[in-house]
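Understanding the architecture of this molecule
Read off the chains here:
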Amino acid sequence: MCATLRRMRINYKVGHFPLFPTSLHTSQLLFLHFFTPPHKVLNPKVTSFSTESSYCSSNSLDSEKGFDFLEQFSPFKNLANSSTYTVITSNERRKIVVGLSRMIKNEKGYILEAFSRDFCPSFLVKIMKLIGNREVAFAFFKFVFQDYSESTVKSCCISAHLLAAGQLRLLAQDIISWIIRRIGKCRSDEIVEFMWREHYKYECDFSVLDSLMRAFLTAEMVSAALEILSKMRDSGLWPSSSAVGILFKLLLRIGDYGSVWKLFRDILHKGPRPTNNLFNVMILGYCRKGSLPTGESLCHLMRKFGCEPDVFTYNILINAYCIRGWTSDALHWVHMMIDHGCNPSISTFSTVINALCKEGNMTEARKVFDGMQEVGVFPSTITYNALMDGYVKAREMYQANMLYEEMKKKGVVPDAITLNILVAGHYKYGREEDGDRLLWDLTVTGLFPDCLFSDVSIAGLCWAGRLNEAVTLLDNMLEKGIPVSVIAFNSIIAAYSKEGLEEKAFEVYNVMVQFGQTPSASTCASLLMGLATTGRLQEARNLMAKMIAMSFPVNRTAFTVLLDGYFKKGDVIGARILWEEMEMMGIAPDSVAFSALIDGLAKAGSVEDAYDAFFQMTRKGLVPNNFVYNSLITGFCNSGKLNEAQKLERDMRDRGLLPDVFTINTIINGFCKQGRMRLAVDSFVEMQQSGIQPDIVTYNTLINGFCKAFDMVNADNFMTRMYASGWEPDITTYNIKLHGFCSSRRINRAVMMLDELVSAGVVPNTVTYNTMMNSACNDILDRAMILAAKLLKMAFIPNTVTANLLLSHLWKQGLPQRTLMWGQKLSEIGFEFDEITYKILDNASHYVQENTEYCTETTGKSLFLDFLMYITYDYIRRSKAYSDKNDSSYELVEDGPCVSFKLINKAYSQFDERARN
């Protein structure tokens, strides 16, 4: 990405940069890229995405080349420094170059030359007018405003007057607000004095005061804005309704409710008359702060002041109820707005449908979807996406596909979000080949317009596992000026986050901000997912706090991502605290959030708490799906409460949900753990009778149950059944059989099976090695050494279980001192002991203390165990050193004025700081 920005700057120097390619249409370029088959699927972890791709990188290139195209037009060349480049984004810089190049081409370069010699207000205004675009003209001003002396500030104020006199008041307000932000609050009085002193030469009293008030509001200086409002009152002027609306919005955002009502009383007595927009701003502000009763009261109060609630008013309240999970109240407001003669909009229905889908209530969501068309409101792409996402999360892929076909027939154009929803559904709950086929169909049929094709192409590459190519494609599009939306950036950020490459995800986010894209709720959730995936939960919490403080669109999805991260790390307390915080913020958990909570609690062994959460979920009207039931059934089975598990299975059927293969496998496993093999086989038979086909997990569970019961005959019978059903044994099957043979001391059969699985192309895993290693330690020395050599030759990878079994064998061999010595060595390298390790070491310690005489003789078996222990210790030590090197603690820092974030390695930053000192 850094290369893109560098190539862009090289183009600047010749004064030409094509905004769009001229030889091929966008869709043709992307089609050629997307369907050029890769030589191989690239590993996303080797992507050469530069870590220096912040907007400061322009400075590095300029220093290399010794020339900056823009700097020659600045009257403050000698003051140019690194901060000059951080006030504008790379995208703004590119647009400025295009605008100035056009001026030179139109023979207006003399104005630029004159301005570069002297900061003259009239020349500055001429340049900004010739640029012809408010955004670009303002960016040019930000670039050249490098001197904050009194004379320069005065000249800038004159420029603002000239722009206002030329009917460019919005641009004048931009300039004033930027000056205020740069010189700071302590000098803001100077601006007011300069602007007011001779304003009569350029603009009227209202114009200058209104511009000042809006500028202070943009700079978020509320007290200064209120002072300007007071000055307007003293001059007998009314503030504009739109400016007052902005003031209300800012006061509500910072929570200054006293000033809100004081200002409201002021405008009621002195004007301007309250408008619909003003009431809507207040209602929205209070609803966002969680005060729905106040929002409702303001809605009813509107008619008293001659304002009728409009569709925006009702939509604000309906959305507020939906966010809190009160969809019945939201539907009540929909009926109320219709009764008052206000027609619902697409947004109204889309909000309600999305809320019902989040609750898992797909039946009611479909009713609303069909009902909106009966009243003449036809669904948009957003509406279809909301309902489609609901079907996918309910794992009803057939309904999602049918809805997609309906969407195409009715001529509603899908977008990249549609693609992401469907492909994700196929990959998670359907078949990957269906997702691949969908990608092909969508791109070949030309269903997407040019403006969406770039987003779809990047999303498609990410789903196809070609992340490197997606990054390259985005790089090329940014270089060529092809429009790219936030969806394309989100696709790459999400892909990096899923791979655990959170630093890469933040780099793409920073580039996105540079190019003027505003982060969406999906952006926030993906960044948090990247940190949570790698276990950096504290950094994720810090990031979310910063996002909320900056009014980023942090929604329940972001909380759910973090909640899942806490449970995966085993931090149940942290998960509970996060859940309480979400409810305190007025964010109602949806069915997905409850699913994560129930699953996490059940896996943590708190199945009763999970069951309470289940009841809370149903009381809120949320509809549990198979995943929720399966989580609870697994929790009850793991705790030995099979009766409760079977009750939940019956409850599933009563609610119209069909138990799936996972459900039955869980119950069969519960019976097997208790040794109730007859009931396990009965469940297996019932499973087939109900039309559910057993999978490899089913057979492995039953084979394991019979092996543990030392019933090798039935274990072999089910192995035969498995082959007959078309299933080939996997590594789990082999591990079960190996454990059975080793437990019955049939070591020769176990070794034969080990050779068999290797010949079959099945890769042994750590369970295989530990099972065989445990067997070797129990065997006679000669055969044990041969087996150990075989395992080491197969690249045996030890883990905690390996360490525990070797320590246990040392203890059983009557070598407590050796046991404690190796335990000490493991603790010195930061090896994390579990309960089994502590129990072994405690037994060894007690034995040493209570028995003065114990075996200290060095035997062949003790040397053999020491040898295996050393290999295990050495591997863990080296792995730990590598892990410590790569898992340093990170902190989030803001990077520049465009709300970019960087992950800074604390270890390296402290080292750099010491080096500088």
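This structure is a prediction, so every number in the text was calculated from the model and none was measured. (Residues numbered from 1 in each chain as written. Predicted model: local features only at pLDDT ≥ 70, side-chain atom pairs only at ≥ 80, totals over all residues. Heavy atoms only, no water.)

1. Focus: the overall build of the chain
Each helix and strand in the chain was counted, giving 50 helices and two strands. A buried classification covers 51% of the 917 residues belonging to the chain. Within the chain, residue pairs in contact and separated by at least 24 positions form 67% of the contacts whose partners lie at least 6 positions apart. Put simply, the chain shows about 42,600 Å² of open surface, and 53% of that area lies on carbon and sulfur atoms. (Helix = DSSP H or I, 4+ residues; strand = E, 2+ residues; numbered from the N terminus. Buried < 20%, exposed > 50% of the residue type's maximum accessible area, 1.4 Å probe, protein only. Contact = heavy atoms within 4.5 Å. Areas by Shrake-Rupley, 256 points an atom, 1.4 Å probe, with all protein chains shown as cover.)

2. A closer look at the nonpolar core
Counting residues in each nonpolar core, the largest one holds 145 residues, and the members touching the most others are Ile 458, Ile 492 and Leu 826. In terms of residue count, helix α28 (residues 486–498) provides more of this core than any other element does, eight residues in total. Ile 492 has contacts with Ile 458, Cys 462, Leu 467, Ala 470, Val 471, Leu 474 and Val 508, leaving out every residue within four places of it along the chain. Ranked by size, the runner-up nonpolar core spans 124 residues in total, among them Phe 216, Val 311, Cys 322 and Met 372. (Core = buried A, V, L, I, M, F, W, Y, C linked by side-chain atoms within 4.5 Å.)

3. Here's the deal with the side chain of Glu 406
Relative to the assigned elements, Glu 406 resides in helix α23 (residues 397–409). A distance of 3.4 Å separates the side chain of Glu 406 from the side chain of Tyr 384, its partner in a polar contact. If sequence neighbours within four positions are ignored, Glu 406 has contacts with Arg 366, Phe 369 and Tyr 384. (Polar contact = N/O pair within 3.5 Å; in protein donor to acceptor, adjacent residues only side chain to side chain.)

4. A look at the environment of Val 260
Considering the arrangement of structural elements, one finds Val 260 in helix α15 (residues 257–270). Remark: the alpha-carbon pair of Val 260 and Leu 247, spanning 13 residues in sequence, is separated by 8.8 Å. The residues contacting Val 260, other than those within four sequence positions of it, are Phe 248, Leu 251, Leu 252, Met 282 and Tyr 286.

5. Some details on the confidence of the model for the chain
Confidence along the chain averages 79 in pLDDT terms, with 83% of residues attaining 70 or more. Predicted confidence is poor over residues 2–66, with pLDDT under 50, and the contacts of this stretch with residues over four places away or in other chains come to 139 contacts. (pLDDT = per-residue confidence, 0-100.)

6. Describing helix α17 (residues 292–301)
Note that an α-helix has 3.6 residues per turn; residues three or four places apart therefore point the same way. Inspection of α17 places Leu 292, Gly 295, Leu 298 and Cys 299 among the buried residues, and these make up the whole buried set. Taken end-on, α17 shows its buried residues confined to a sector of 120 degrees, consistent with a single buried face. Taken together, the buried residues of α17 touch α15, α16 (276–288), α18 (311–323) and α19 (327–339). (Arc of directions from axis to C-beta.)

7. A word on the pattern of salt bridges
Oppositely charged side chains can pair when the atoms bearing their charge come close. A full pass over the atoms with the stated rule returns 30 salt bridges. With its nearest N and O atoms 3.6 Å apart, the salt bridge here joins Lys 270 to Asp 266. Remark: Asp 266 and Lys 270 occur in helix α15; sequence separation between them is four residues, near one turn of the helix. Take Lys 270: its relative accessible area is 47%, and that puts it in the partly exposed class. Between Arg 878 and Asp 874 there is a salt bridge, and its shortest N-O distance comes to 3.0 Å. Placement of both Arg 878 and Asp 874 in helix α49 (residues 860–886) is noted, with a separation of four residues, approximately one turn of the helix. Since its relative accessible area comes to 45%, Arg 878 is described here as partly exposed. (Salt bridge = Lys/Arg side-chain N within 4 Å of Asp/Glu carboxyl O.)

8. Things to note about the environment of Gly 376
Tracing the backbone through its elements, the reader meets Gly 376 in the loop between α21 (362–374) and α22 (381–393). Between the alpha carbons of Gly 376 and Pro 344 there is a distance of 10.0 Å; along the sequence they are 32 residues apart.

9. Some points on unusual backbone geometry
Each neighbour pair has its own omega, and for Gly 271 with Pro 272 the value is 0 degrees, a cis peptide bond. Here Pro 272 is to be found in the loop between α15 and α16. Unusually for a residue other than glycine, Glu 220 sits at a positive phi of about 60 degrees. Note on placement: Glu 220 falls in the loop between α12 (205–218) and α13 (222–234).

10. Thoughts on the side chain of Thr 351
By secondary structure assignment, the location of Thr 351 is in helix α20 (residues 346–359). What makes Thr 351 buried here is its relative accessible area of 19%. Looking at Thr 351, its side chain comes within polar contact range of the main-chain oxygen of Ser 347, at 2.7 Å.

11. Quick word on the packing of α12 against α13
Two quantities define a packed helix pair, namely the angle between the helix axes and the distance between the axes. Between α12 and α13, whose axes approach to 8 Å, the crossing angle comes to 160 degrees. Our classification of the angle between α12 and α13 gives roughly antiparallel. Classified by chirality, the crossing of α13 by α12 is left-handed. Judged by residue contacts, Phe 206, Leu 209, Asp 210, Leu 212, Met 213, Phe 216 and Leu 217 of α12 engage Ala 224, Ala 225, Ile 228, Leu 229, Lys 231 and Met 232 from α13. (Axes fitted to C-alpha atoms, helices over the stretch in contact; angles between N-to-C directions. Parallel < 35°, antiparallel > 145°, perpendicular 65-115°, else oblique. Left-handed = near helix turned anticlockwise from the far one by under 90°.)

12. Remarks on the packing of aromatic side chains
Under the counting rule described, the total for this entry stands at 27 aromatic pairs. A centroid spacing of 5.2 Å and a plane angle of 70 degrees characterise the contact between Phe 369 and Tyr 384, whose relative ring orientation is edge-to-face. Of this pair, Phe 369 sits in helix α21 while Tyr 384 sits in helix α22, placing them 15 residues apart in sequence. Judged on exposure class, the residue Phe 369 and its partner Tyr 384 are both buried. When the ring of Tyr 611 is compared with that of Phe 636, the centres are 5.5 Å apart and the planes differ by 85 degrees; the resulting orientation is edge-to-face. Here Phe 636 lies in helix α36 (residues 626–638) and Tyr 611 lies in helix α35 (residues 607–619), a separation of 25 residues in the sequence. With a relative accessible area of 2%, Phe 636 lands in the buried category. Within the aromatic cluster, the residues linked to one another by ring pairs are Tyr 257, Trp 261, Phe 264, Phe 279, Tyr 286 and Phe 305. (Phe/Tyr/Trp six-rings, centres within 6.5 Å; stacked < 30°, edge-to-face > 60°.)

13. With respect to the environment of Met 232
Inspection of the secondary structure puts Met 232 in helix α13. On the basis of relative accessible area, Met 232 is assigned to the buried category, the value being 0%. Sequence separation between Met 232 and Met 213 is 19 residues, and the spatial gap between their C-alpha atoms is 9.5 Å. Apart from residues no more than four positions distant in its own chain, Met 232 is found in contact with Phe 206, Leu 209, Asp 210, Met 213, Leu 237, Trp 238 and Pro 239.

14. Quick notes on the packing of helix α41 (residues 712–724) against helix α42 (residues 731–743)
Where α41 contacts α42, the axes come no closer than 12 Å and their chain directions differ by 165 degrees. Taken together, α41 and α42 sit at an angle that is classed as roughly antiparallel. For the crossing formed where α41 meets α42, the hand is left-handed. Note on element contacts: α42 touches α41 through Thr 733, Lys 737 and Phe 741, opposite Met 712, Asp 716, Met 719 and Met 722. When grouped by side-chain class, the residues that make up the contact of α41 with α42 number four nonpolar, one polar and two charged. (Nonpolar A, V, L, I, M, F, W, Y, C, P; charged D, E, K, R; others polar.)

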